[in-house]
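# Structural overview
Next come the chains, spelled out residue by residue.
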Amino acid sequence: MGIKKSVPDTRLAAEATDFVRQATSDLIYHHSRRVYFWGVLQGRERDLSFDPELLYIAAMFHDLGLNEHRGSGRRFEVDGADAARGFLRERGVPEDSVRRVWTAIALHTTPGIPEYMEPEVALVTAGVEYDVLGLGYYDLTDEQRAEVTALHPRPGFKQAILRAFTEGIAPKPETTFGNVKADVLERYVPGFQRGNFVDTILDSPWPE
């Protein structure tokens, strides 16, 4: 079966595609579709039992917060997770499924935790790490990579996604405290001062 056929043929998946296609950029759309395909392929390699529809929706919404809600003051991951939750609740999706999608999106830039959670949560992060960081690059074959990138090419992706990260989080730099996006602003935003956990403890209002 071609990887393209792994996209669930359901009304919910189709509506999610339309929603994200209209709400975000070509860059994020194609990246999100690749994240789903990488997640599916890695799920098969790991013999994980996952819900393709939930994985698809989580992958499609995972970076939505980079394009919208820039003035929210919250981490972009939470904005995307909340958008997905609203989308699913409006369509009567059971709360346990909503929770899994929300968690998968909210934790997708928090390494070391999602891999121990439900398969949909683990595979969104795995797909993101594969597409952005190249983690486990050789776990998939040249043919698998070619099939996915033929559907959703990635010309200039490294620099483009870094620009998207910078533009999406620069308006709320405080949300990078304690997570990997601080690296992005430190590199690309002049004058950015990284928050420090030790300083936060030492400067707290407690006398001792």
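Anyway, here's the lowdown on the structure attached to this text. Nothing here was measured: the structure is a model prediction, and the numbers come from that model. (Residues numbered from 1 in each chain as written. Predicted model: local features only at pLDDT ≥ 70, side-chain atom pairs only at ≥ 80, totals over all residues. Heavy atoms only, no water.)

## Structural notes on the layout of surface pockets
The space that makes up the largest pocket amounts to roughly 730 Å³. Around the largest pocket, the lining is made up of 32 residues, and of these Val 132, Leu 133, Ile 161, Leu 162 and Phe 165 lie nearest the centre. If you list the elements that add at least two residues to the lining of the largest pocket, you get helix 2 (26–45), helix 6 (119–133), helix 7 (142–151), helix 8 (157–169) and helix 9 (181–188). A per-element tally of the lining of the largest pocket places helix 6 first, with seven residues. (1 Å grid on protein atoms, 1.4 Å probe; cavity = no way out; pocket = protein on both sides within 12 Å on 5 of 7 lines; lining within 4 Å. Points joined across faces, edges and corners; volume = space filled by probe spheres on them. Helix = DSSP H or I, 4+ residues; strand = E, 2+ residues; numbered from the N terminus.)

## Topic: empty space enclosed by the protein
Within this structure, the stated rule accounts for one cavity of 30 Å³ or more. Taken as a whole, the largest cavity encloses approximately 30 Å³ of empty space. Lining the largest cavity are Arg 75, Phe 76, Glu 77, Ile 169, Thr 175, Asn 179 and Lys 181. Across the lining of the largest cavity, the residue classes break down as two nonpolar, two polar and three charged. (Nonpolar A, V, L, I, M, F, W, Y, C, P; charged D, E, K, R; others polar.)

## Digging into the side chain of Arg 33
Within the secondary structure, Arg 33 is located in helix 2. With no salt bridge to any partner, buried Arg 33 finds its closest opposite charge in Asp 18, at an N-O distance of 9.0 Å. Within polar-contact distance, the side chain of Arg 33 engages the side chain of Tyr 56 at 2.8 Å. Ignoring sequence-local partners within four residues, the contact set of Arg 33 consists of Val 7, Thr 17, Tyr 56, Met 60 and His 152. (Buried < 20%, exposed > 50% of the residue type's maximum accessible area, 1.4 Å probe, protein only. Lys, Arg positive; Asp, Glu negative; His and termini not counted. Salt bridge = Lys/Arg side-chain N within 4 Å of Asp/Glu carboxyl O. Polar contact = N/O pair within 3.5 Å; in protein donor to acceptor, adjacent residues only side chain to side chain. Contact = heavy atoms within 4.5 Å.)

## Focus on the pattern of salt bridges
Within this structure, the stated rule accounts for 19 salt bridges. In this structure, the salt-bridge partner of Arg 99 is Asp 96, at a minimum N-O distance of 2.8 Å. Note that Arg 99 and Asp 96 are positioned in helix 5 (residues 95–106) at a spacing of three residues, about one turn of the helix. A salt bridge links Arg 194 to Asp 183; the shortest N-O distance between them is 2.6 Å. Residue Arg 194 is found in the loop between helix 9 and helix 10 (197–202), and its partner Asp 183 is found in helix 9; the two are separated by eleven residues along the sequence. Taking the relative accessible area as the measure of exposure, Asp 183 reaches 43% and is therefore partly exposed. Among the ionic contacts, a cluster of salt bridges with common partners joins Arg 74, Asp 79, Asp 82, Arg 85 and Lys 172.

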